[in-house]
Amino acid sequence: MQEDIELIDRYIAGDGEAIEKLVMKYQKNIYALIYRMINDMEEAKDLTQKTFVRAVKGIRGFRKEASFKTWLYQIAINQSLNHIEKNKHKEVELEESMAGNQKGILSAIIEKEIKGHIKNAIDALPKRQQLAIILRVYDGLSCDETAQVMGCSEGAVKAHYHNAVKRLREILKERGYEVEAL
Amino acid sequence: MKEMLPEYLKGTLSEGVRMDVEVHLKECCQECMAELSFISEFGKVEVSDPGDIFWETLPQRVRAAIEEEKAKSLTLRSLFFRQLPVAVTIAVLFLLVFTHTRKQETLALDPFFNDPFTSGVSDYSDITEKDMPLITERLTADGFNIYADNFMASSYYREFASLSSRELGSLYEALKEEQKTGG
């Protein structure tokens, strides 16, 4: 955290390279987070760049008591949610076309793949639960950090996380996929 | 303990806490083992890698985009500040010309018109009672509804105001004698 603040101070003092270092440090996390939320590589690449540009533009408004990482995550989530909202109608069209193709042999095989099952199950979760799973499991954020990013209490994060795990088990069971240890 | 499993899986726990979780799992807590196994399955969901070129160029692209936006806003700002004095000068000149031409127009329209911009206090000292019918006639002709009697009466106000209390007293007495009181 201290390292991030030093880089921010260096950037404010006029050192452009400091920003490159910050981007290098967080680019993979931010890209993965956005990708998991929107499931589109090209859009995720574009939104990752936009997230960093937006963060740097508003860097003077960043309160240094908070973590730069959680602040960056908040921007990435907002960008992703805006993107999802804007492309709602497209998603419906895509889902419809996928449903139409489901009878195809190739798509049937893909549907049976484990990662496809889990991915679809996560996508089917309500947005808050989905976020809790992504931030806690994939990004390894603590409850406190997740609460900061999601703008809610730690208790709410725990509730979202446990409901998400429970719901995922149900969805996967319904779709005929069960983890051995269950 | 369950709350720590995602961080345990990700390896972000401190050494001490990680050891505690391991001890707990070795004690064969079935519930935690099942949850750990379940969430470790999530790792199978891959994120499409956009490739090395993307990772290598992203920092420079972000920096370039920020500098481009900064330059754009600077150009706009400098353009605004360069144009501002010119705009202010034009506005002041326009205001001066406008007020001057307006004054000329009003004077040309009516020579009797007392422009409040040129004379703050109206001076009627050169108007005598003989002028009153002329003014009344003119105002009536211009469509103003003037009652000559009232207007004429008002011309005595100044004279009353200039009387001393003694003079007013004797005037009152004289009027009383003629039985012209009231009003």
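Residues numbered from 1 in each chain as written. Chains lettered and ligands numbered in written order. Predicted model: local features only at pLDDT ≥ 70, side-chain atom pairs only at ≥ 80, totals over all residues. Heavy atoms only, no water.

Considering the overall build of chain A
No. 1: Across its full length, chain A carries 10 helices and zero strands.
No. 2: Ordered by position from the N terminus, the helices and strands of chain A form the series α-α-α-α-α-α-α-α-α-α.
No. 3: Out of the 182 residues in chain A, the part that is buried amounts to 46%.
No. 4: When the accessible area of chain A is evaluated, it comes to approximately 9,600 Å², of which 50% is carbon and sulfur surface. (Helix = DSSP H or I, 4+ residues; strand = E, 2+ residues; numbered from the N terminus. Buried < 20%, exposed > 50% of the residue type's maximum accessible area, 1.4 Å probe, protein only. Areas by Shrake-Rupley, 256 points an atom, 1.4 Å probe, with all protein chains shown as cover.)

Let's talk about the packing of helix α9 (residues 143-150) of chain A against helix α10 (residues 154-174) of chain A
Residues and elements named next belong to chain A.
No. 1: Their axes nearest at 8 Å, the elements α9 and α10 cross at an angle of 100°. It follows that α9 is roughly perpendicular to α10 by the angle criterion. Facing Cys143, Asp144, Thr146, Ala147 and Met150 of α9, the residues of α10 in contact are Glu154, Val157, Lys158 and His160.
No. 2: Of the residues belonging to the contact of α9 with α10, the class tally is four nonpolar, two polar and three charged. (Axes fitted to C-alpha atoms, helices over the stretch in contact; angles between N-to-C directions. Parallel < 35°, antiparallel > 145°, perpendicular 65-115°, else oblique. Contact = heavy atoms within 4.5 Å. Nonpolar A, V, L, I, M, F, W, Y, C, P; charged D, E, K, R; others polar.)

A closer look at the pattern of salt bridges
No. 1: According to the stated counting rule, one finds 12 salt bridges over all chains in the structure shown.
No. 2: A salt bridge links Lys45 of chain A to Glu42 of chain A; the nearest nitrogen and oxygen atoms lie 3.5 Å apart. Of this pair, Lys45 of chain A and Glu42 of chain A are both found in helix α3 (residues 41-57), three residues apart, which corresponds to roughly one turn of the helix.
No. 3: Taking the relative accessible area as the measure of exposure, Lys45 of chain A reaches 19% and is therefore buried.
No. 4: For the salt bridge of Glu67 of chain B with Arg63 of chain B, the shortest nitrogen-to-oxygen distance reads 3.3 Å. Highlighted residues: Glu67 of chain B and Arg63 of chain B, both in helix α4 (residues 52-109), separated by four residues, approximately one helical turn.
No. 5: When its relative accessible area of 42% is taken as the criterion, Glu67 of chain B is described as partly exposed. (Salt bridge = Lys/Arg side-chain N within 4 Å of Asp/Glu carboxyl O.)

Points about the nonpolar core
Soluble globular proteins: nonpolar side chains tend toward being buried together.
No. 1: Residues Ile19, Phe68, Ile133 and Leu135 of chain A together with Phe42 of chain B are the most contacted members of the largest nonpolar core, which totals 67 residues.
No. 2: Tallying contributions element by element places helix α2 (residues 17-38) of chain A first for this core, with 12 residues.
No. 3: Ignoring anything within four residues of it in the chain, the contact list for Ile133 of chain A reads Ile122, Leu125, Tyr138, Tyr161, Ala164, Val165 and Leu168 of chain A together with Phe42 of chain B. (Core = buried A, V, L, I, M, F, W, Y, C linked by side-chain atoms within 4.5 Å.)

Notes on the side chain of Glu20 of chain A
No. 1: Structurally, the position occupied by Glu20 of chain A is in helix α2.
No. 2: At 2.9 Å, the side chain of Glu20 of chain A and the side chain of Arg63 of chain B are in polar contact.
No. 3: Not counting the four nearest positions on each side in its chain, Glu20 of chain A is found in contact with Pro59, Gln60 and Arg63 of chain B. (Polar contact = N/O pair within 3.5 Å; in protein donor to acceptor, adjacent residues only side chain to side chain.)

Comments concerning helix α4 (residues 68-86) of chain A
No. 1: Given a rise of 1.5 Å per residue, 19 residues ought to cover 27 Å, and the 27 Å separating the end C-alpha atoms of α4 of chain A matches this to within 8%.
No. 2: Its side-chain oxygen at 3.1 Å from the backbone nitrogen of Lys69 of chain A, Ser67 of chain A defines the N-terminal cap of α4 of chain A. (Expected span 1.5 Å × (residues − 1).)

Observations concerning the interface of chain A and chain B
No. 1: Contacts between the two partners involve 45 residues from chain A and, on the opposite side, 34 residues from chain B.
No. 2: Between chain A and chain B, a total of about 3,700 Å² is buried, with carbon and sulfur atoms accounting for 67% of that surface.
No. 3: Of all residues in chain A, Glu20, Gln49 and Tyr138 of chain A bury the most surface against chain B, accounting for 13% of the area lost on that side.
No. 4: In this assembly, chain A and chain B are joined by three salt bridges.
No. 5: Two residues, Arg63 of chain B and Glu20 of chain A, come together in a salt bridge whose shortest N-O distance is 2.9 Å.
No. 6: Counting across the chain A and chain B interface gives nine residue pairs in polar contact (both at pLDDT 80 or more).
No. 7: At the level of secondary structure, the elements contributing two or more residues to the side of chain A that touches chain B comprise α2, α3, α7 (114-123), α8 (127-138) and α10 of chain A. (Buried area = accessible area lost by both parts, 1.4 Å probe.)

Overview of the packing of α4 of chain A against α9 of chain A
Residue and element names in this part refer to chain A.
No. 1: At a minimum axis distance of 8 Å, the contact between α4 and α9 shows a crossing angle of 45°. Accordingly, the angle class assigned to the pair α4 and α9 is oblique. Considering only the axes of α4 and α9, their crossing is right-handed. Two secondary-structure elements touch here, α4 through Thr70, Tyr73, Gln74 and Ile77 and α9 through Glu145, Gln148 and Val149.
No. 2: Within the contact of α4 with α9, the residues separate by chemical class into three nonpolar, three polar and one charged. (Left-handed = near helix turned anticlockwise from the far one by under 90°.)

Digging into the packing of aromatic side chains
No. 1: With the rule as written, the count across this model stands at seven aromatic pairs over all chains.
No. 2: Taken together, a centroid distance of 5.3 Å and an interplanar angle of 85° make the contact between Tyr31 of chain A and Trp55 of chain B edge-to-face. Pair noted here: Tyr31 of chain A is in helix α2 and Trp55 of chain B is in helix α4, and the two residues belong to different chains.
No. 3: Note on Tyr31 of chain A: relative accessible area 1%, which makes it buried.
No. 4: Assessed through its relative accessible area of 9%, Trp55 of chain B is described here as buried.
No. 5: Ring centres of Phe68 of chain A and Trp71 of chain A lie 5.9 Å apart, and the angle between their planes is 45°; this geometry places the pair in the tilted category. One end of the pair, Phe68 of chain A, and the other, Trp71 of chain A, are both in helix α4, three residues apart, so they sit about a helical turn from each other.
No. 6: Members of the aromatic cluster, each reached through a chain of ring pairs, are Tyr31 and Tyr35 of chain A together with Phe54 and Trp55 of chain B. (Phe/Tyr/Trp six-rings, centres within 6.5 Å; stacked < 30°, edge-to-face > 60°.)

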